[in-house]
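Breakdown of the fold
Read off the chains here:
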Amino acid sequence: MTLPLHNGELLDRAKIPQQNVAEFRQQVIARVREGARVAALFGLPGNGSVPVLAVLANGVSGTLELVGTEISSEYPSLTREVPQVHWFEREIAEQCGVIPQGHPWLKPLRFVKSQRPGHDAWGRTANEQPLIGVTNFYRVEGEEVHEVAVGPVHAGVIEPGHFRFQCHGEDVLHLEISLGYQHRGVERALLGGPNKRTIHYMETLAGDTTVGHATAYCQAIEALAGCKPPARAQVLRGVALELERLANHTGDLGALAGDVGYLPTQSFCGRLRGDFLNMTALVCGSRFGRGLVRPGGVGFDVDEACVGQLRERLEQTLRDVTGAANLLWDTSSVRGRFERTGALTAETTREIGLVGVAARACGLERDVRQEFPSGIYQFVQIPVSTYHTGDVFARAYVRWLEIQRSAAFVREQLNALPAGPVRAKVGPLTNNAAVVTMVEGWRGEICHAALTDGTGRFARYKVVDPSFHNWFGLALALRNQQISDFPLCNKSFNLSYCGHDL
Amino acid sequence: MFRNVVIRLQQGHRTIGFPKTEPTMPDRFRGRPVMDQSKCPVGCRDCAEACPTDAIMIDGKGLRLDLGRCLFCTDCVEACPEQAIRYTQDFRLAARQRDDLILSGESLKLAEALDKKTRRLFGRSLKLRQVSAGGCNGCEGDVNVLSTVVFDLGRFGIQVVASPRHADGLLITGPVTGNMRLAVKKAYEAVPAPKIVIAVGACAIAGGPYINHPEQHNGADSVVPVDLYIPGCPPHPLTILDGLLRLLGRLEDGRPRS
């Protein structure tokens, strides 16, 4: 038994079906066989046994389902039957000290202490501080096999993470990605909220996805408080979300060009990304959209002059992005490096549960805006952009398709902004309630799940950044590639470290 | 090839005139805040209580705001019944001392240049290694942007390099998480002396939104000595650039040194 729900629907926590572990496993396995993906799987660490919840998302039928169980200390791992939960099971083991028996690579995910006193999946004592990056990495042995370790401090201006390559000559046999360096305790700090810091945590889960995560959070709060944001606010949120996508996709195209040494597009897109960010700053004063999305609506309204400026800048910037992007597709040396590099099959992608651009680049039509629309996307459809080759080229090209569609959406919305207020009043949150919200951020599916306690405070607030699903995709994309293609493959995914580490 | 040239011409010249000409900031840009204590009702603490990072202090010394902790959000402005706090468009915020970031009233002691000897070494060529140590990748985004054609950091002789061994100093972002502490220390030790450290953003100055979380260390100066603090969440690229140029003694009263 599962509980069907909508994106952003208020639920009574007591109605979430609680099943024994065997039934729970069967439900998850059956739904995934039917074509659902696991949008979230998480535990509620406390003193007793651990309640575990799964959010199952079937994009074809457009159904979301919740199912729960309780685990005392161990349970048979689901990873062998449902590979896409492997990362989630490691997270539950680390946070709640329960052991998924038979997990093929049960290693710490973020190298943090268990949040359940007296229970640790690796038998460490409460005083023992886990040492980041110290784990039993895979090793390939044999003549001429060598290991390359990179990070946490990288050569570029990017976030910290550790990468271990097992190589034979230039060829990568296996890449293992070990994260946790950006862990700053956000999920723990969210417990007992919301409070005056909560929205700021949401805006900085992944700073380049401020609008995406803040929207998912605000939709959760609005469901829990029974508040309906005004239409004008919904449209402005949509415009901001697509501007965020436009900025980041444009930046990524430039960075991809840079990674193959094609400087014109790199240098053009570096500037153009900023032009999109400056459009967001025009609305709310912050290039990253800080202060824009607020529970009940948006923190800033736009006047005629501002809308006029946005429209004008959109056309100018889009024209220049078009020129810069088309140079990529028309330059044989670029295509030569993009095509057939870091390819994933649709089958692998489905199996390991990738989302966002990486999934769509393999032909999977995974897009929350289409599958589980909320806000303005319930009324305005943006076609899903896909490509079929699953390689760096596909990931780049899907970004370009999405740039065009996002720009068309922004243009259309700016031409028909509904009148009225931009913020509604938000009351107290419902007690013992639950809500799941999903937003298609520029990297892919953002999923937030909030559970309140008897006083309307957060008993658990789970954040799943799209990067959480996708890091393993990067590892697999590197198999049998040249190690020198790592920067290019990495950029084609462009995943978030902080969104993963939380 | 012909197309390349056409597109190149279409893109135009995009490098901004700063510091020779004053940049235009967006109308709603939140730069240096100013406070007018004379407007404060007696005993009112609304702004201090609304501040997510407790950056606002109201005590015997009056109303003060710690720019190092400030997220430049609108919570205090919205909470104030008398509009006693407002943001200006002044993007110049960098300071040499942590205490200089504590603002009372309007004035802010902006960063002074390095001493003559260090300036002779770094003034015309400064290589920095960036270390991201927690945070949200927002500061990294706006540091990265300095290398684009818009800001063209290279024209000032400043460059971000790939290894601390090639660097004259570190540019640190993030609150220094427990999991990055050792890496920050090692990166600092790997930079040859004399070296400088620049803390960019609210996280690297004081922990940002994560201030006092046990998982982090409330900023870079808990681990290494800091020579320049650049506030913001994240700081505008111009705030960072202005700070760097001040440190190198390349600006006088906001204008390039002749």
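Since the model is a prediction, treat every value here as computed from it, not as a measurement.

Parameters at a glance
- Residues numbered from 1 in each chain as written.
- Chains lettered and ligands numbered in written order.
- Predicted model: local features only at pLDDT ≥ 70, side-chain atom pairs only at ≥ 80, totals over all residues.
- Pairing = 2+ DSSP bridges.
- Helix = DSSP H or I, 4+ residues; strand = E, 2+ residues; numbered from the N terminus.
- Axes fitted to C-alpha atoms, helices over the stretch in contact; angles between N-to-C directions.
- Contact = placed C-beta atoms within 7 Å.
- Domains from an automatic or database assignment.
- Nonpolar A, V, L, I, M, F, W, Y, C, P; charged D, E, K, R; others polar.
- Buried ≥ 20, exposed ≤ 12 C-beta atoms within 10 Å, placed from the backbone.

On to the sheet that holds strand β7 (residues 158-160) of chain B, then. All names here are of chain B. One open sheet accounts for five strands, arranged β7-β6-β8-β9-β10; its pairing is parallel. With partners counted over all chains shown, the strands left at the sheet margins are β7 and β10 (228-230), one partner each. Neighbouring strand axes in the sheet, compared pairwise and without regard to direction, differ in orientation by 25° on average. Sheet topology places strand β6 (residues 126-132) next to β7; three bridges connect them, and they run parallel. Bridge pairing in β7 links K127 to Q159. Against the sheet, helix α8 (residues 237-247) touches β7, β9 (196-200) and β10, its axis set at about 160° to β10.

A common way to express how large an interface is: the accessible area buried when the components associate. All names here are of chain A. Along its sequence, chain A is organised into domain 1 (3-132) and domain 2 (186-501). On a C-alpha basis, the centres of domain 1 and domain 2 stand 26 Å from each other. Taken together, the contact pairs 28 residues of domain 1 with 31 residues of domain 2. Among the secondary structure elements, those contributing two or more residues to the side of domain 1 that touches domain 2 are β2 (11-12), β4 (37-43), β5 (50-58) and β6 (63-71). Broken down by element, the side of domain 1 that touches domain 2 gets its largest block of residues, five residues, from β4. For the side of domain 1 that touches domain 2, the class distribution of residues is 17 nonpolar, six polar and five charged.

Turning next to the interface of chain A and chain B. Chain A puts 47 residues into the contact, and the matching count from chain B is 49 residues. Within the residue set of the side of chain A that touches chain B, elements represented by two or more residues are α4 (198-203), α7 (263-284) and α8 (304-330) of chain A. Split by residue class, the side of chain A that touches chain B holds 22 nonpolar, 16 polar and nine charged.

The strands making up a sheet associate through hydrogen bonds between their backbones, and the pairing can be parallel or antiparallel. All names here are of chain A. Taken in spatial order, the three strands of this open sheet run β9-β10-β11, and their pairing is antiparallel. Looking at which strands have only one partner, the edges of the open sheet turn out to be β9 (145-150) and β11 (171-178). Neighbouring strand axes in the sheet, compared pairwise and without regard to direction, differ in orientation by 20° on average. Here strand β10 (residues 162-168) runs beside β11; their pairing, made up of seven bridges, is antiparallel.

All names here are of chain B. The buried fraction of α8 is high, at 11 of 11 residues. Within α8 the residues assigned to the buried category are P237, L238, T239, I240, L241, D242, G243, L244, L245, R246 and L247. Within two residues after α8, G249 carries a phi angle of roughly 70°, on the positive side.

Here V131 of chain B shows up in strand β6. Sequence separation between V131 of chain B and V184 of chain B is 53 residues, and the spatial gap between their C-alpha atoms is 7.0 Å. Setting aside its immediate chain neighbours within four residues, V131 of chain B contacts V153 of chain A together with L170, I172, V184 and A187 of chain B.

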